[in-house]
Amino acid sequence: QAATLAVDLAWLTTHQDASVRTAARECLHTLGADGARAAPELASMLTNERAEIRESAVCLLGGLGVCSTPYTAQMAHLLIDTEAIVRKATVAAFTRLGGENSAQAAMEFPKLGIFAQDEDVSLGALEVVRIFGKHAAHAASELPQALAHASCSVRTQAAEILCMLG
């Protein structure tokens, strides 16, 4: 029954009423491990046309720990989302997951051209690389591109991360 409840709650996070979405998110968090059974449903929401749905899905996946690992590559695509709220939620989700659980996402960075994006997107992606730390081998290969970015902030943060990674 917990699995069915988790899936139902996942879909309630897409409700048009913000208070219903908030209550559903809170309930999923309280389900703990049983809430993780909603991960496939939440992952399917990462491509929803509504930004608040994508934001909610990535936030919830970030709170599921290792249960979100199979979906981190999909989550990485939200780092270049058109909506800033989704990009910020994605960085926060990877912060909660940590590098070990998110390493698969780093493999997506070369495909996404993540450091060829605007300053806001690139800085968010660099923060995720910092979080990945030693697990960022695939993303680190893209850092030279960030060193050539038009933004001084992006170049500075990329240099700091390269030093950190050795």
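The rules behind each value
Residues numbered from 1 in each chain as written. Predicted model: local features only at pLDDT ≥ 70, side-chain atom pairs only at ≥ 80, totals over all residues. Heavy atoms only, no water. Axes fitted to C-alpha atoms, helices over the stretch in contact; angles between N-to-C directions. Helix = DSSP H or I, 4+ residues; strand = E, 2+ residues; numbered from the N terminus. Parallel < 35°, antiparallel > 145°, perpendicular 65-115°, else oblique. Left-handed = near helix turned anticlockwise from the far one by under 90°. Contact = heavy atoms within 4.5 Å. Nonpolar A, V, L, I, M, F, W, Y, C, P; charged D, E, K, R; others polar. Expected span 1.5 Å × (residues − 1). Buried < 20%, exposed > 50% of the residue type's maximum accessible area, 1.4 Å probe, protein only. Polar contact = N/O pair within 3.5 Å; in protein donor to acceptor, adjacent residues only side chain to side chain.

**Side note on the packing of helix α8 (residues 119–132) against helix α11 (residues 152–165)**
Thinking step 1. Here α8 crosses α11 at 15 degrees, and the two axes come no closer than 10 Å. Judged by the angle between their axes, α8 and α11 are roughly parallel. Classified by chirality, the crossing of α11 by α8 is left-handed. Contact with α8, carried on its side by E119, S122, L123, L126, E127, V129 and R130, involves S153, V154, Q157, A158, E160, I161 and M164 of α11 and no other residues of that element.
Thinking step 2. Tallied by class, residues from the contact of α8 with α11 come to 7 nonpolar, 3 polar and 4 charged.

**A few points about α8**
Every α-helix winds through 3.6 residues per turn, so residues three or four apart in the chain are directed the same way.
Thinking step 1. For α8, spanning 14 residues, the distance from its first C-alpha to its last is 20 Å, which sits close to the expected 20 Å at 1.5 Å a residue.
Thinking step 2. Of the positions making up α8, those classed as buried are V121, S122, G124, A125, L126, V128, V129 and F132.
Thinking step 3. Two to three positions downstream of the cap, the backbone nitrogen of D120 sits 3.2 Å from a side-chain oxygen, assigning the N-cap of α8 to D118.
Thinking step 4. At the exit of α8 stands G133, carrying a positive phi of roughly 55 degrees.

Just geometry here; none of it tells us what the structure is for.
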